[in-house]
Amino acid sequence: MGNFYSPNAKFPAAISYNKDMPLFKDRVFRRIFIALAALKAAACAYVYFCNPLGESVLAFPDSLTYVYPAQTLLQYGQMWEAVSVAPMLLRTPGYPFFLALIQALAGNLTWAVTIVQNLLSLLLLIPVYLIARQLATQNAARWAAGFCAVSVLYFTLSFAVLTETLCVFLLAWSVYFIIRFFSHPRGRDLAAAAVLLAAAVYVRPAAYYWMFASAVILACFSAGKLIRFPVRKILLFFVVPLVLCIVPWQIRNAVQTGFGGFTSVGAYNLYMWNEDYLAHKGNVSVTQAHEALQQALPPGFHDLPAAQQVRLYKALAKPLIWEGFWYKLTHAPLWAAKTLFGANFVHLSRLLNGGTATEEALDAQMLNQTAAVHAGWLQGWKAKILFCLAAGQVFVTVLLSLAGWWLVWKKQRAEAFFLGVYCLYFWMIGSTFFGAYARFRAPFEFVLCILAGIAAAQLWQKRKCLFRRSK
């Protein structure tokens, strides 16, 4: 698959380029890493000592559904559904286990989780740097690490009791081993990618179908001779580890609940994510539409067997989906744009300024962010400047990533195709129905940072060449 930059490239790479050089010997990367570590330490101290919201700034409406099963695991040895004694089925065990482990070791949950997640987002720079260096040059890797370091989304999500930070960390390492496999096909790299991907699926089931997509891509690459690795070995080193990792949880679900799927969240979302259409139709708030959908469930619904609940969710969702199909279709471009370009500004404002929104209003915004911009949070010139800086960072990263993908495509088709499909998959999943959450961009923003770094390095090299010619 060769390097992206070659001696015959239009703008030759910088001389300092060694894929085997240890990270700690790269002074530029060390400076980026240390600067981000210092910023995160200061941010943690500020949020802990100065934020008027205190610990509640770390909690989201979904947080309880992870914290409660973590606590029941510590107390009773089993994960239960939120505020019940039913076996956990809506969520998957990766993040609750992560929370339980931290609480067991640190004796604290929310603040200890914040520290660990900030550490993980700091360490995320390592796979980002390594992937960019594998695809391009050391200079591109430095730029990629810089783009990742200034990511507003990753900064804010580090301060949320949500799955994204842990999931992104696992996905980034999985992608690294896949990209390394393309250059030097080895079974151990493929197996490592499979195990890390399975771990990410346990943390966030949005990655579940990516397992199948990535296996198909690898098989097609093998059949098309884009990689010299037989399909039977892809089955052995990639598919088999995935199956061995994923199936035990499905067996657990079948034994304890009678539902043999990996999670019931898909059926739940199929029904509950019609709340945006009902809010629009009835001219009510999203919170009111959400409560109406809950009340429309049959009496005794939550006492029914899990498999029957899933069937009912799907049956009740079907007429609502057809009824609101045109509304969703016409709003899909806005939601896709918000997922791609959203700056997670509501959370950023709460972290830095506290915020005065009522809990009901905040829950509505966290449940549904279909509005183009939350104007209520843009009060005063400081908030507007902060919004422009955050939105500008996202816009520049996305714009440069498009150029970076094209540069990679011209030299490394397999890698570019894989990364492109990877981003499109998570973008599509994050924009389905009324997604429109900036945080749903988290699984693929690190790839955007890598591609943006490659484009920025190329532009910087071009600028240096033009400067030399002008002398």
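The structure this text deals with has already been given above.
Report follows, based on the coordinates. (Residues numbered from 1 in each chain as written. Predicted model: local features only at pLDDT ≥ 70, side-chain atom pairs only at ≥ 80, totals over all residues. Heavy atoms only, no water.)

Re the overall build of the chain
- Check the secondary structure of the chain and you find 21 helices and 0 strands.
- Classification of the 471 residues of the chain by burial places 54% in the buried group.
- Across the chain, every contact between residues at least 6 apart in sequence was considered, and the portion connecting residues at least 24 apart equals 75%.
- When the accessible surface of the chain is split by element, carbon and sulfur atoms take 67% of a total near 21,500 Å². (Helix = DSSP H or I, 4+ residues; strand = E, 2+ residues; numbered from the N terminus. Buried < 20%, exposed > 50% of the residue type's maximum accessible area, 1.4 Å probe, protein only. Contact = heavy atoms within 4.5 Å. Areas by Shrake-Rupley, 256 points an atom, 1.4 Å probe, with all protein chains shown as cover.)

Some thoughts on the nonpolar core
- Grouped together as the largest cluster of nonpolar side chains are 127 residues, with contacts concentrated most on Tyr95, Leu99, Leu171, Phe182, Phe238, Tyr422 and Phe446.
- Looking at which element gives the most residues to this core, the answer is helix H8 (residues 164-183), with 15 residues.
- Non-local contacts of tyrosine 95, meaning those with residues more than four positions away in its chain, are made with Tyr66, Val113, Gln117, Ala160, Val161, Leu162, Thr163, Leu166, Tyr202 and Val203.
- Among the nonpolar cores identified, the runner-up in size contains 17 residues, and Val265, Tyr268, Val310 and Ala317 belong to it. (Core = buried A, V, L, I, M, F, W, Y, C linked by side-chain atoms within 4.5 Å.)

Quick look at the pattern of salt bridges
- Considering all chains together, one arrives at 10 salt bridges under this definition.
- Between aspartate 62 and arginine 91 there is a salt bridge, with the nearest N and O atoms lying 3.6 Å from each other. Linking aspartate 62 in the loop between helix H1 (27-49) and helix H2 (64-76) with arginine 91 in the loop between H2 and helix H3 (94-106), this pair joins segments that are 29 residues apart in sequence.
- Given a relative accessible area of 14%, arginine 91 falls into the buried group.
- The closest approach of N and O atoms between glutamate 445 and arginine 441, which form a salt bridge, is 2.6 Å. (Salt bridge = Lys/Arg side-chain N within 4 Å of Asp/Glu carboxyl O.)

As for the side chain of aspartate 276
- Looking at the element boundaries, aspartate 276 is found in helix H13 (residues 275-282).
- In terms of polar contacts, aspartate 276 uses its side chain to reach the side chain of lysine 328, at 3.0 Å. (Polar contact = N/O pair within 3.5 Å; in protein donor to acceptor, adjacent residues only side chain to side chain.)

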